[in-house]
Amino acid sequence: MTGKKIPYLTVILFIFHLSLFTSTAQTVKELIQKMPSYASCNYHTYPDSITTQLTPAPKGKKPFYISHYGRHGSRYISSRIGYDIPYMMMIHADSLDELTPVGHQILREMNSIMHDTEGRWGELTGYGKRQQQMLGRRMAERFPEVFCPGANVKAISTIVPRCIESMGSFAMEMLQVCPQLNITMQASKRTQWYMNHQDQKLRRNFMTPEARKALDAYKATRMGNTRLMELIFKNPDIVKEFVNEEDFSYYLMKMGLFQLNTSYNRNSNLMQYFHTNDFYLMWQVDNAYWYLQHGACKLNGGNQPYSQRYLLRQLIADADSCLRLEHPGAQLRFGHETVLLPLVCLIGINGYDLATDNLNDLEEKGWWCSNVFPMGSNLQFIFYRSDIRDDDVLFKVLLNEEEATLPIKTDVAPYYHWNDFRQFCLEKLASYK
């Protein structure tokens, strides 16, 4: 055999990236068919178990510090508006005797859901607490070198109750694994500027005329459900005077899927009235909307991920400070998906820095928001070195506890050199005006 010899490292990197691709080679529709909650994007439930094996560290390196940002666990819907939209339409139809027998069954289920949720809007569910407990346990068990007796763990939460409870559940479970940890917990307005920064200028300007035109065109063939209307209402043409078909179908699907996050009726009866394709079309619309709002979309300038520039700077500053310590332990942060998603896009984890003006590119190129921010989602930076004198600090990123890629070169994949990443991020942040 003749020709140029392929470097050994290139072969290893190819195999690694190929394994990442083949492990996620399912289509979105196939994922939704297996687990319908995937269709609900930020309402998607976190996996009950993680079985992925982590790549051993390079010889001589061992974990010594973890930096983390995680979303709260599963919650009740944050306000009743999302439920009221389809519920009030159904109440109106019932008052006019326009519900079919199936429609009456659906209304009874909706009444049960409304009763269970009333007064709990936005609260962490029992299921959400268990998610956080298991997350804390797995982290402590995976990295015993970091969470050794006497190690310091600093936990910070936004001031939202579900995040505070998530922090407590996570930290208390860590103590079950290692009772001698020194854990401090804090939830203060003083850290809101980076823990939950919502850039009002970027938020106001994400839906440009170009973005609106593209989204409307994208939604045109993906909204509404004539089959559902005929199933629920006796005279669909009549009820269309007060039932918006697109809103009704969309929010009724959301109502059913959201129940997968609660301890009550986790096998929602509402879901049986929808087909896989109904959920899939809804996912496509939501995925496009999340991209416009938080991705590097060319239709609105591509700057939306910079909403988390303060958090990224803080993560770097905290890490730089901790690297000077012999036993820095861990820093845990508990917040929201509207922070985690743009942060992932800003860093470019797993290709989520995708910049396009074509919403049809998203699915084909793997910009699937449900992979990033299910309830309980988390980003973990695991740092490695031989000892405190080791200047070549390595780290790897775990997105939802699975090894992720970064848009920088490395000779130790899935590990990266901290100094390379630090320089990449600071240059990117400096470029934002």
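Residues numbered from 1 in each chain as written. Predicted model: local features only at pLDDT ≥ 70, side-chain atom pairs only at ≥ 80, totals over all residues. Heavy atoms only, no water.

K.L.:
So what exactly am I meant to see when it comes to the pairing of strand 3 (residues 182–187) here?
P.N.:
Walk down a regular strand and you will see the side chains alternate between the two sheet faces. Note: strand 2 (residues 152–157) against strand 3, six bridges, orientation parallel. Bridge pairing in strand 3 links Ser157 to Ala187. One crossover worth recording links strand 2 to the parallel strand 3 by way of helix 6 (residues 161–177), and it is right-handed. (Pairing = 2+ DSSP bridges. Helix = DSSP H or I, 4+ residues; strand = E, 2+ residues; numbered from the N terminus. Right-handed = clockwise from strand over helix to strand, strands pointing away.)

K.L.:
Explanation requested: the environment of Met89 in the structure shown.
P.N.:
Looking at the secondary structure, you find Met89 in helix 3 (residues 81–95). Accessibility expressed as a relative area gives 12% for Met89, which makes it buried. Along the chain, Met89 and Asp320 lie 231 residues apart, while their C-alpha atoms are 55 Å from each other. Among all residues touching Met89, those that are not within four sequence positions of it are Phe242, Val243, Asn244, Asp247 and Phe248. (Buried < 20%, exposed > 50% of the residue type's maximum accessible area, 1.4 Å probe, protein only. Contact = heavy atoms within 4.5 Å.)

K.L.:
Explanation requested: the packing of aromatic side chains in the structure shown.
P.N.:
Between two aromatic rings, the relevant description is the distance of the centres plus the angle of the planes. Under the defined criterion, the tally for this structure stands at 26 aromatic pairs. Consider the rings of Tyr83 and Trp121, whose centres lie 6.2 Å apart with planes at 70°: the pair is edge-to-face. Highlighted residues: Tyr83 in helix 3 and Trp121 in the loop between helix 4 (101–117) and helix 5 (126–142), separated in sequence by 38 residues. Judged by its relative accessible area of 1%, Tyr83 falls in the buried class. Accessibility expressed as a relative area gives 22% for Trp121, which makes it partly exposed. Aromatic pair Trp193 and Tyr194: ring centres 4.9 Å apart, planes at 75°, arrangement edge-to-face. (Phe/Tyr/Trp six-rings, centres within 6.5 Å; stacked < 30°, edge-to-face > 60°.)

K.L.:
Any chance you could explain the packing of helix 14 (residues 309–322) against helix 17 (residues 418–430) here in plain terms?
P.N.:
In a packed pair of helices, the relevant descriptors are the angle between the two axes and the axis-to-axis distance. At a minimum axis distance of 11 Å, the contact between helix 14 and helix 17 shows a crossing angle of 150°. Comparing the axis directions of helix 14 and helix 17 gives the class roughly antiparallel. Once helix 14 is placed against helix 17, the crossing between them reads as left-handed. Seen from helix 14, the contacting residues are Arg309, Leu312, Arg313, Ile316, Ala319 and Asp320; seen from helix 17, they are Trp418, Arg422, Cys425, Leu426, Leu429 and Ala430. Residue classes in the contact of helix 14 with helix 17 are distributed as eight nonpolar, no polar and four charged. (Axes fitted to C-alpha atoms, helices over the stretch in contact; angles between N-to-C directions. Parallel < 35°, antiparallel > 145°, perpendicular 65-115°, else oblique. Left-handed = near helix turned anticlockwise from the far one by under 90°. Nonpolar A, V, L, I, M, F, W, Y, C, P; charged D, E, K, R; others polar.)

K.L.:
Explain the side chain of Thr45 here, please?
P.N.:
Take Thr45: it is sitting in the loop between helix 2 (28–34) and strand 1 (62–71). Within the local environment of Thr45, its side chain forms a polar contact with the side chain of Ser37, the two groups lying 3.3 Å apart. (Polar contact = N/O pair within 3.5 Å; in protein donor to acceptor, adjacent residues only side chain to side chain.)

K.L.:
Please clarify how the pattern of salt bridges should be interpreted in this entry.
P.N.:
Opposite charge on two side chains lets them pair, provided their charged atoms get close. Under the criterion given, the structure shown has 20 salt bridges. Put simply, Asp84 and Arg80 hold a salt bridge, and the shortest N to O gap is 2.9 Å. Salt-bridge contacts for Arg333 lead to Asp318; the nearest nitrogen and oxygen are separated by 3.1 Å. Here Asp318 lies in helix 14 and Arg333 lies in strand 4 (residues 329–335), a separation of 15 residues in the sequence. Here Arg333 matches Asp318 in class, with each residue buried. What emerges from the salt-bridge pattern is a single network uniting Arg80, Asp84 and Glu118. (Salt bridge = Lys/Arg side-chain N within 4 Å of Asp/Glu carboxyl O.)

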